[in-house]
Amino acid sequence: MSQQKNNVAREQTKHTDEIENKKIDTRITEDELESSPQIRDLKGAFRYIFMAIAVIGALFHLYILNFNPIDPWVFRSIHLAFGTVLALMLYKGWKTKSNRVTIIDWVLIAIAIFIALYIYINLEQLVFRFGVAPTTMDFIVSFLGLLLVLEITRRSSGWILPILAFIFILYSFAGPYLPGILNHNGYSLERFVTYVYGLDGVFGVTTDVSSKYIILFIIFGAFLQMSGVGQYFIDVAFRIAGGLRGGPAKVAVVSSGLMGMINGTSAGNVVATGSLTIPLMKKTGYRPMFAAATEATASSGGQLLPPIMGAGAFLMAEITGIPYSEIIIAATIPAILYFVSVYFMVDFQAIKSGMVGLSRDRLPNLKKLLKKFYLFAPVVLLIYLLVSGFSVIFAGTAGIIACFILSLFNKETRMGLNKVLEALELGMKNAIQLIAIVATAGIIVGVIALTGIGQRFSSMLLTIADNNLIIALIFAMLISIILGMGMPTTAAYAVAASVIAPGLVNIGIDPIIAHMFVFYYAVISAITPPVALAAFAAAGISGTNPMKTSVEAFKIGLAAFIVPFMFFFSPELLLESGTIAEIVLSVITALIGVYLLSAAVQGWIFGKIASWYSRIIVLLAAIMFMLSGIQTDIIGVVMVGAVLVIQKFLNKSDPPNQSMIESASTESPL
């Protein structure tokens, strides 16, 4: 009897082990995040020097932000100096197999430190001299500083943003020779360089936000990762959506949205979560191109998701003066509409292809997830503090402390001294690219302020709007997307907010609507052909054509191109006006609209593949529902009724893979 019990126990253990071995591996490792050949693999003394500088930099920021504020210019210059030193150590200046930090890099590092010291020592004089009556040394320091900013941006983000900055710099000197609204008097080299490297340019609002908010929340994101909270998000996403038809694609929508909210760059988030979700989508049956496009669209959309919005909310609050809490409340419903649309896109694709979800025994264990439910506490605490009116800095710091404390509850995630140091290092390492990006964006913002080109664009928009508001909005959309192409979201929004948003405000549009409008297009420029960074990053993982992948991502994210126009016609969606009943009605009709939009794009309507003309009718009906008004809703209902008749009585096509679809319908979602 005892022997029989032992045999049964062994069989049960063996069965359990088999199930555990079959479970999907949801871990994301640092190796996957650092695959770029431009990043050095630092070893030995260089590794410890880099870590020491990064840890000191993170602690310096946390100390100054929470306990001992110093002069803003000094703080921002030290912030940029830390980013520059770390960037020159981590990123190679040219293609080489060597991982050694070169003599040239050490010389540039010394110059970066000297510039920060120069600003600190001469601060009182520089406030009055820079951009007005600079000395020769002021000019040399500023000139070298600008070159360093462009260089670290080139190394960390490629050529596109530095080239755009150079075009703006060139415009500063070419103004006297240009016609129409582009004409200006021009500036001397000394005045231009010291102005742009001052508080109205590189050290202006973009670096202010970077030094106070972006760095804080990137460190918070690093603590989420090191404490196991970030991994828990992904595991929960798999448990919720992995068993649904086409499960991995829906996991990508959920997990990439959550991680993209914290991550400051769309392409970076694609690499982080896409290395897991894209191969899984391909295994499930999604076309590689569709898998890559889904990941790119979800990762980009994460930066529309409150409360962090990829640091965009902080920048918007700083530029507009609108309370941060008001911005994240206004952004909530549009973000939900975006992700609902993407979810329907992947669901219709799954139905058309007859896909099933992952089997339950491959998903993360539900009981284990429920035991770790407390890991949501840092994010819940963060949202509570932000909405309750506490400062962003206090909320972010509290979130970091909460991550550390919660990690102690489980020996698998417990953060000892080494892990805390690694989290601080990881936070500064992840911040390098954004520090460079916002500094270069500051160059562009400085040129716009110096030349007045932003105000001239405003006048042009005002002239266009006198004739037709819709044309003015379309023009603003196109300029915002063009300015954002090839640039990370933060830089894209900073530029668009300086050039386009003031024009929209001048034509009578509410500031929060105007800035939310350009912010949306700054975000989705990452999936807009011909230069779509997020789509290109996803294509690299899936092995598909980058341009075709960006077109596919454009289709999946189509709702994001329409939602900003809804801000003007349905301000209730931003909770800016209307009664509760009007807001609820607008949300319901908008949800119907994004559902129909997804159906039209995927060509799957009322359980059948739709003809081209049915898709056009449904697309128009979707737009009618997404616009606020009884008349447009009635028109939408009539159009949907017409397509229902067409699909039921005139369309005789059978859905593909019918047997598989029937199988999918019986698949348990969880």
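Computed from a predicted model, the values in this text were never measured in an experiment.

1. Structural notes on the overall build of the chain
Move 1: When its secondary structure is counted, the chain shows 32 helices and two strands.
Move 2: Relative to its length of 670 residues, the chain is compact, with a C-alpha radius of gyration of 26 Å against a globular reference of 26 Å.
Move 3: Projected onto its principal axes, the C-alpha coordinates of the chain cover approximately 85 × 80 × 50 Å.
Move 4: Counting every position in the chain, which comprises 670 residues, the buried fraction comes to 56%.
Move 5: In the chain, the share of contacts with a sequence separation of at least 24, taken over all contacts with a separation of at least 6, comes to 78%.
Move 6: On the chain, roughly 27,700 Å² of surface is accessible, and the fraction owed to carbon and sulfur atoms is 67%.
Move 7: Averaging the locations of the 43 positively and 37 negatively charged side chains of the chain gives two centres separated by 10 Å.

2. Let's talk about the nonpolar core
Move 1: Counting residues in each nonpolar core, the largest one holds 222 residues, and the members touching the most others are Tyr 197, Leu 504, Met 516 and Phe 517.
Move 2: The greatest single-element share of this core, amounting to 19 residues, is contributed by helix H20 (residues 417-451).
Move 3: In this structure, Phe 517 is in contact with Leu 473, Ala 476, Met 477, Leu 504, Pro 564, Phe 565, Phe 567 and Phe 568, ignoring residues within four places of it in sequence.
Move 4: The next biggest cluster of nonpolar side chains, apart from the first, holds nine residues, and it includes Ala 237, Phe 238, Ala 241 and Leu 363.

3. Side note on the packing of helix H14 (residues 288-301) against helix H26 (residues 533-542)
Move 1: H26 packs onto H14 with a crossing angle of 140 degrees between their chain directions and a minimal axis gap of 8 Å. Classified by the interaxial angle, the pair formed by H14 and H26 is oblique. In the crossing of H14 with H26, the sense of the turn from one axis to the other is right-handed. Residue-level inspection shows Pro 288, Ala 292, Ala 296 and Ser 300 of H14 in contact with H26, the latter providing Ala 534, Ala 535, Ala 538, Ala 539 and Ser 542.

4. Regarding the packing of helix H3 (residues 44-66) against H20
Move 1: Between H3 and H20, whose axes approach to 8 Å, the crossing angle comes to 85 degrees. On the basis of the axis angle, H3 is roughly perpendicular to H20. Residues Arg 47, Phe 50, Met 51, Ala 54, Val 55, Gly 57, Ala 58, Leu 59, His 61 and Leu 62 of H3 pack against Leu 421, Glu 422, Leu 424, Glu 425, Met 428, Lys 429 and Ile 432 of H20.
Move 2: When its residues are assigned to classes, the contact of H3 with H20 shows 11 nonpolar, two polar and four charged.

5. A look at the environment of Ser 325
Move 1: Mapped onto the elements, Ser 325 comes out in helix H16 (residues 324-353).
Move 2: A relative accessible area of 27% places Ser 325 in the partly exposed class.
Move 3: Separated by 19 residues in sequence, Ser 325 and Pro 306 place their C-alpha atoms 9.9 Å apart.

6. Details of the side chain of Ser 211
Move 1: In this fold, Ser 211 is placed in helix H10 (residues 205-226).
Move 2: Reaching out from Ser 211, the side chain makes a polar contact with the backbone oxygen of Asp 208 at a distance of 3.0 Å.
Move 3: Ignoring sequence-local partners within four residues, the contact set of Ser 211 consists of His 61, Leu 65, Phe 75, Arg 76 and His 79.

Quick notes on the rules
- Residues numbered from 1 in each chain as written.
- Predicted model: local features only at pLDDT ≥ 70, side-chain atom pairs only at ≥ 80, totals over all residues.
- Heavy atoms only, no water.
- Helix = DSSP H or I, 4+ residues; strand = E, 2+ residues; numbered from the N terminus.
- Rg over C-alpha atoms; globule rule 2.2 N^0.38 Å.
- Buried < 20%, exposed > 50% of the residue type's maximum accessible area, 1.4 Å probe, protein only.
- Contact = heavy atoms within 4.5 Å.
- Areas by Shrake-Rupley, 256 points an atom, 1.4 Å probe, with all protein chains shown as cover.
- Lys, Arg positive; Asp, Glu negative; His and termini not counted.
- Charge placed at Lys NZ, Arg CZ, Asp CG, Glu CD.
- Core = buried A, V, L, I, M, F, W, Y, C linked by side-chain atoms within 4.5 Å.
- Axes fitted to C-alpha atoms, helices over the stretch in contact; angles between N-to-C directions.
- Parallel < 35°, antiparallel > 145°, perpendicular 65-115°, else oblique.
- Left-handed = near helix turned anticlockwise from the far one by under 90°.
- Nonpolar A, V, L, I, M, F, W, Y, C, P; charged D, E, K, R; others polar.
- Polar contact = N/O pair within 3.5 Å; in protein donor to acceptor, adjacent residues only side chain to side chain.

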